[in-house]
Amino acid sequence: MTRVKCSKLRGKKPDELQKQLVELRQELNTLRVGKVTGSGGAQKLGKIRNVRKSIARVLIVTHQTTKDNLRALYHGKKYKPKDLRQRKTRAIRRLLSPKEKSAKLKKLQRRQSAFPKRTYAVKA
């Protein structure tokens, strides 16, 4: 088989991708058997690499499409699976939300209303 391109794989249906994956894996097995038995030669060794990379491309496209479908499913929902959440950094994930930052204790609210901050006007 020739090199498989991801752009061509994206247009295919999932069952077609699975079928192609099975074919590529069978081809890889036959190439490996040929490598062990000694029939084939140097050209088959190069072909093993291409087949392995093609298998990887098929798997990449299947995983990307399933992840895109999951993202569409969970869009706008309150809770999302961890692998669909934004990664950012650990420090940013642990920061307080704006609502939590602006929250004040009852005692502090009473004190601020009893003793508001004084403003002074300066004469020119």
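See above for the structure.
The rules we used
Residue numbers here run from 1 along each chain, matching the order of that chain's written sequence. Residues qualify for local features only when their pLDDT is at least 70, as the model is predicted, and side-chain atom pairs are given and counted only at 80 or more; totals for whole chains, interfaces and linings, by contrast, use all residues. Here the side-chain values reflect all heavy atoms present in the structure, with hydrogen atoms and water set aside. The helix and strand labels rest on DSSP assignments: H or I over at least four residues marks a helix, E over at least two residues marks a strand, and numbering proceeds from the N terminus. Helix span, as expected, comes to 1.5 Å for every residue beyond the first. Here's how the labels work: a residue is buried when its accessible area is under 20% of the maximum for its type, exposed when over 50%, partly exposed in between, all with a 1.4 Å probe on protein chains only. The contact definition used throughout considers only heavy atoms, calling two residues in contact when any of these lie within 4.5 Å. What makes a salt bridge here is a side-chain nitrogen of Lys or Arg within 4 Å of a carboxyl oxygen of Asp or Glu, nothing more. Note on terminology: a nonpolar core comprises buried Ala, Val, Leu, Ile, Met, Phe, Trp, Tyr and Cys residues joined through side-chain atoms within 4.5 Å. Whether a set of points on the 1 Å grid over the protein atoms alone is a cavity depends on a 1.4 Å probe fitting there but being unable to get out, while an open set qualifies as a pocket with protein on both sides within 12 Å along at least five of seven lines; lining residues are those with an atom within 4 Å of a point. Grid points are joined across faces, edges and corners, and a volume is the space filled by probe spheres set on the points. Residues are grouped as follows: Ala, Val, Leu, Ile, Met, Phe, Trp, Tyr, Cys and Pro are nonpolar; Asp, Glu, Lys and Arg are charged; all remaining types, including Gly, are polar. Each axis is a line fitted through C-alpha atoms, taken for helices only over the stretch in contact, and angles between the N-to-C directions span 0 to 180 degrees. Our angle categories are set so that under 35 degrees counts as roughly parallel, over 145 as roughly antiparallel, 65 to 115 as roughly perpendicular, and the remainder as oblique. Two helices crossing with the near one rotated counterclockwise from the far one by less than a right angle form a left-handed crossing, whereas a clockwise rotation gives a right-handed crossing.

Remarks on helix α2 (residues 14-37)
At step 1: Between its terminal C-alpha atoms α2 stretches 35 Å, which fits the 34 Å expected from 24 residues at 1.5 Å a residue.
At step 2: Every buried residue of α2 is listed here: L17, Q20, L21, L24, E27, L28, L31 and G34.
At step 3: Those residues of α2 hidden inside the fold are in contact with α1 (6-9) and α3 (42-74).

Some remarks on the pattern of salt bridges
At step 1: Here the structure, examined in full by the defined rule, presents two salt bridges.
At step 2: A salt bridge links K47 to E27, with the shortest nitrogen-to-oxygen separation between them at 3.5 Å. Of this pair, K47 sits in helix α3 while E27 sits in helix α2, and the two are 20 residues apart along the sequence.
At step 3: By relative accessible area, K47 is classed as partly exposed at 32%.
At step 4: The class for E27 is buried, based on a relative accessible area of 15%.
At step 5: With its nearest N and O atoms 4.0 Å apart, the salt bridge here joins R71 to D68. Separated by three residues within a single helix, R71 and D68 lie in helix α3, roughly one turn from each other.
At step 6: On the basis of relative accessible area, R71 is assigned to the partly exposed category, the value being 43%.
At step 7: Relative accessible area serves as the criterion here: at 47%, D68 is assigned to the partly exposed category.

Section: the nonpolar core
At step 1: With 13 residues, the main nonpolar core has L9, V51, I55 and V58 as its most contacted residues.
At step 2: Residue assignment for this core shows that the elements contributing at least two residues are α1, α2 and α3.

Remarks on the layout of surface pockets
Using a probe with the size of a water molecule, rolled over the atoms, empty space left in the structure can be pinpointed.
At step 1: Considering only enclosed or pocket space, the largest pocket measures out at about 160 Å³ in volume.
At step 2: Partitioning the lining of the largest pocket into residue classes produces no nonpolar, one polar and five charged.

Quick word on the packing of α2 against α3
A pair of packed helices is captured by two measures, namely the crossing angle of their axes and the spacing between those axes.
At step 1: The N-to-C vectors of α2 and α3 enclose an angle of 155°; their axes lie 9 Å apart at closest approach. For the element pair α2 / α3, the angle class is roughly antiparallel. Considering only the axes of α2 and α3, their crossing is left-handed. Contact with α2, carried on its side by L17, Q18, L21, L24, R25, E27, L28, L31, R32 and K35, involves K44, L45, K47, I48, V51, R52, S54, I55, V58, L59, V61 and T62 of α3 and no other residues of that element.

What to know about unusual backbone geometry
At step 1: Notably, K88 is not glycine yet its phi reads approximately 50°, a positive angle.
At step 2: Tracing the backbone shows K88 in the loop between α3 and α4 (90-94).
At step 3: Judged by its relative accessible area of 52%, K88 falls in the exposed class.

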